[in-house]
Amino acid sequence: MIVTGERSAPLAAAAVTTERPATRGYVGLPVDRVDGRAKVTGAARYSADAAIDAPLHAVLVQSTIASGRITEIDERATRAVPGVVEVVTYRNAPRVPSFPFAFTTPVSEELAPLQTPEIKYDGQHVAAVVGTTFEAAREGAALLRIAYEPAPAELDAGTARQVDLPEQYFGQEAQVRRGDPEAAYAASEVRIDATYVTPTENHNPLEPSVTVAEWRDGELIVHDSTQWVRGTRAALAKHFGLDEERVRVFAPFIGGGFGCKGFFWAHTAIAAMAAKLTNRPVKLVLTREQMFTSVGYRSETRQRLRVGASRDGRLAAVLHDTLNESSRVATFVEAAGGVSEMLYDVPNVAISHRVARLDVPSATAMRAPGEAPGTYGLGSALDELAYACGLDPLEVLRRNHASVDPSNGLPFSSKHLLACYERGAEAFGWSTRPREPRAMREGDELVGWGVATATYPAMRAPAEARVTIAADGGVDVASATHDLGTGMYTILAQIAADALGVAPDAVTVRIGDSSLPNAPVAGGSMSSASVGPAVIDAARRARQRAIALAISSSDSPLYGLPEDDVETADGSMRAKDNPARAIAYGALARLNGGAIEALGGAAPAEEEKYSFHSFGAQFVEVRFDEELARLRVSRALGVFDCGRILNPKTARSQMIGGITMGIGMALLEETVRDPRYGAVVTNNLADYHVPVNADVPAVEVEFVEEPDYALNSLGARGVGEIGITGVAAAIANAVYHATGVRVRDLPIVPEKLLGTPAS
Amino acid sequence: MSTTERPAAPARAPVPLTLRLNGRQTTFTVEPQVTLLDLLRERAGLTGTKKGCDRGQCGACTVLVDGRRTLSCLALALAQAGAEVTTIEGLADDGELHPMQAAFVEHDAFQCGFCTSGQIMSAVAIVREGRARTADEIREAMSGNLCRCGAYPNIVAAVATVQGAR
């Protein structure tokens, strides 16, 4: 039997408090990760490490054409391999429906797996070979013969016949107009008209996606590398016509995600189908090669920016037109123009997003979707504007600072971007920067400095948590949230410890289990801001119950005290005027039959009063050796305004990680498809370059710690995604400053700098 | 329809294999095509060693074979007969973290943790090999171990701490 998740009535939104929490506490301290020991000893069990007795192994086979249909499948050689027990194809797979994306059932593609011979893209799953060992399944997969009838495929966004103009993406307007942008642009003293291109990029978390699926008494148990256990549960339930309570999804440790594990992908359903057909547990791990076509990617963007300004660098108009690619079976808008709507004080704005429908795999969200490529385009254009005006690039950013959100006229809940510019400039030494390109040299290397603004919205979603105080005084915190390296285990322990007055090591955090109280996808940088307040609410309710017990039970030393005269500290309740008059949480739990339990929750509030965003400033130094055509980032500094920092140690790590991924985006990363056939030719980590240790200099991170209590009682905004934003622009701007070459298509590989103007 | 002939059937008969695994003499019966990585993970129950690419490009599967850094995904299990294999599970001494493990926790030298076993095995070896004398040397020597979370500066700090304490 599956222990079903707790069904609770919807909880009222937690009241927004402006009261500053006690300054003493564990929140805000650089606490070591509570899951650190498990991770450095190899004890942390990721999905592929699930302790399942003798699972079968499934290996996927993928289409080798971009469009057309399967005409024949020859399974004879495959089935002759000793140990191969099943070949799952459209001919024998359990019937499952196709359905479009919805937040209640977040499927990435409207394409039910293994249901028809139709092929929509190169890399589509066409078979799963199941064997008693991984080796047997792999050999069987290699021997499967599939014949196709190819159809003409469209692979180039620039010539696509079908280009959609979506109205919305995730609730945001995709086509935006403000003022009279064309006229304002035409009347501007200074105009920049440039097109910036970002390539297709793959997330490439170190852990390939994996599903281990098992059917037990008609119920489906899945260990899945997902950033959303509840979303995966809902999608699986819909595929197999089950009540959600009959599906349980575990993801206690996730080996990175960056968005590619956020929504539901077909391999998870296929693993469950294979388990159903064989009536055995099945482990299905994607190969690294398959990761390039099976779990989404960041779409390429072609961004035309027209920027009009006065000679003093003040923006009059921004027109930002973005084209991105999408498959035939999904629509994903890589909303690069979103930043142009809100980042600077511009009266006249036109933003368009067009989506070219191609015979390619489906795109998805990748760290800071929209903002990552958008800040590259806009951040580059403003640097070009600065040079056209003869101004310092940082001064142009300052002059266009928006003190209210220009997209809706609302005040920001808390915005300290100018302080980020100021602190960053001082720490970096910006004031000594010569304005002209090619003006700094050290030894054989040209040196350049660049700056750009970082931005990411502060989102929230409804979340719940349960806090249980046990007879031994231990505290259990449970929520169906996730830790993909983000530090969630640790900050929830800190938060619960402070809310109850116990030490963090008395707290056990259980997450990554769909049967626990509801929590949102680990995406959109919203988990801390959503789940943290839910844990506080649950802890306060548990504490309230403990106090009520302490003063109402005749066995308690606090019996008869008014509630206001009781405080909690060091794992005990005690009289404020006499700390010796105390009772431990564990003793109260024993008085209550062994445990004190409370369910709490929190939901977004005050959305119509404020605009919630995080900001930052990215400063970068690059060095270019003209003789060797070697380009390196030699310094990086990010100063961020993300509200109160819950754990400076783990938050700093996330920012370093975002900046590192930004270095990859700027200099290294590009997914290349064969332009004739559509196969990804860079489908491995030798051809798709992610930054290695030697690519990354000492990275400095600073926080402007202004709490944002309008967002939540913690004062904290998310830190997962903003770190990557602005980095590519800062690097491209630094490259221009070093070399005099403006590179408008990423990545900035050395050949794009060859033939630089002589100094 | 392709009519490519199947290649001749590979030898699949299991063969006995004995090696020292984290200090213990251990015997398996294993087919010739099984890699050391799959032996550790699927047959020895040592899931701390990770499969990130299965083609020697990411370093997540790094173990020590007779003290040498080895990509276990590119090593056939049978070729390790008689060897001393050390995995992340064999590093702590009776529950006490190896100094490199402790330094990784202290310096937050990981986020998701998936590359961490391989990072730590490489780090232990490069300090022992004398290739960790400067930050640049550490960066270079650790560049075979990818970390997509981007913990590199913290990894360098952790290795430097252990190097400095030697």
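Residues numbered from 1 in each chain as written. Chains lettered and ligands numbered in written order. Predicted model: local features only at pLDDT ≥ 70, side-chain atom pairs only at ≥ 80, totals over all residues.

Here we look at the overall build of chain A
Helix and strand counts for chain A come out as 16 helices and 30 strands. The C-alpha atoms of chain A give 27 Å as radius of gyration, which agrees with the globular expectation for 759 residues (27 Å, within 12%). If one aligns the C-alpha atoms of chain A with their principal axes, the spans along those axes are about 85 × 75 × 50 Å. The buried share of chain A, reckoned over its 759 residues, is 60%. Taking contacts inside chain A between residues at least 6 apart in sequence as the whole, the part at least 24 apart equals 81%. (Helix = DSSP H or I, 4+ residues; strand = E, 2+ residues; numbered from the N terminus. Rg over C-alpha atoms; globule rule 2.2 N^0.38 Å. Buried ≥ 20, exposed ≤ 12 C-beta atoms within 10 Å, placed from the backbone. Contact = placed C-beta atoms within 7 Å.)

A short note on the sheet that holds strand 30 (residues 699–703) of chain A
All names here are of chain A. Strand order in the open sheet formed by five strands is 19-20-28-29-30, and the pairing between neighbours is mixed. Two strands close off the open sheet at either side, each with one partner strand: strand 19 (440–442) and strand 30. In this sheet, adjacent strand axes meet at a mean angle of 25 degrees when their direction is disregarded. Sheet topology note: the strand 20 (residues 445–457)/strand 28 (residues 613–625) ladder contains 13 bridges and is antiparallel. By the bridge assignment for strand 28, G448 is matched with V622. The sheet contacts of helix 15 (residues 648–667) involve strand 29 (630–641) and strand 30, and relative to strand 29 the element is tilted by about 140 degrees. (Pairing = 2+ DSSP bridges. Axes fitted to C-alpha atoms, helices over the stretch in contact; angles between N-to-C directions.)

Comments concerning the nonpolar core
Residue and element names in this part refer to chain A. Judged by nonpolar contacts, the single largest core of 304 residues is most densely connected at A58, V129, A274, L492, A496, V535 and I731. Broken down by element, the residue count for this core peaks at 11 residues, all from helix 13 (residues 527–552). For V129, the contacting residues outside a window of four places in its chain are A58, V59, V61, T78, V84, V87, A137, G140, A141 and L144. (Core = buried A, V, L, I, M, F, W, Y, C linked by C-beta atoms within 7 Å.)

Brief notes about the confidence of the model for chain B
Predicted coordinates in regions of low pLDDT should not be interpreted in detail. Mean pLDDT for chain B: 94, with 93% of residues reaching 70 or above. Here the complex is predicted with pTM 0.95, and the ipTM for its interfaces comes to 0.95. (pLDDT = per-residue confidence, 0-100.)

Regarding the interface of chain B and chain A
Counting from both sides, the interface comprises 51 residues of chain B and, opposite them, 50 residues of chain A. Looking at the side of chain B that touches chain A, the elements with two or more residues in it are helix 1 (36–43), helix 2 (99–106), helix 3 (116–129), helix 4 (135–141) and helix 5 (152–165) of chain B. Among the elements that line the side of chain B that touches chain A, the one with the most residues is helix 5 of chain B, at five residues.

A word on the environment of T226 of chain A
All names here are of chain A. Structurally, T226 is set in the loop between strand 13 (219–224) and helix 5 (229–240). Since 33 C-beta atoms lie within 10 Å of it, T226 is described here as buried. In this structure, the C-alpha to C-alpha distance between T226 and I748, residues 522 residues apart in sequence, is 32 Å. What T226 contacts, discounting residues up to four positions off in sequence, is T232, V249, A251 and K261.

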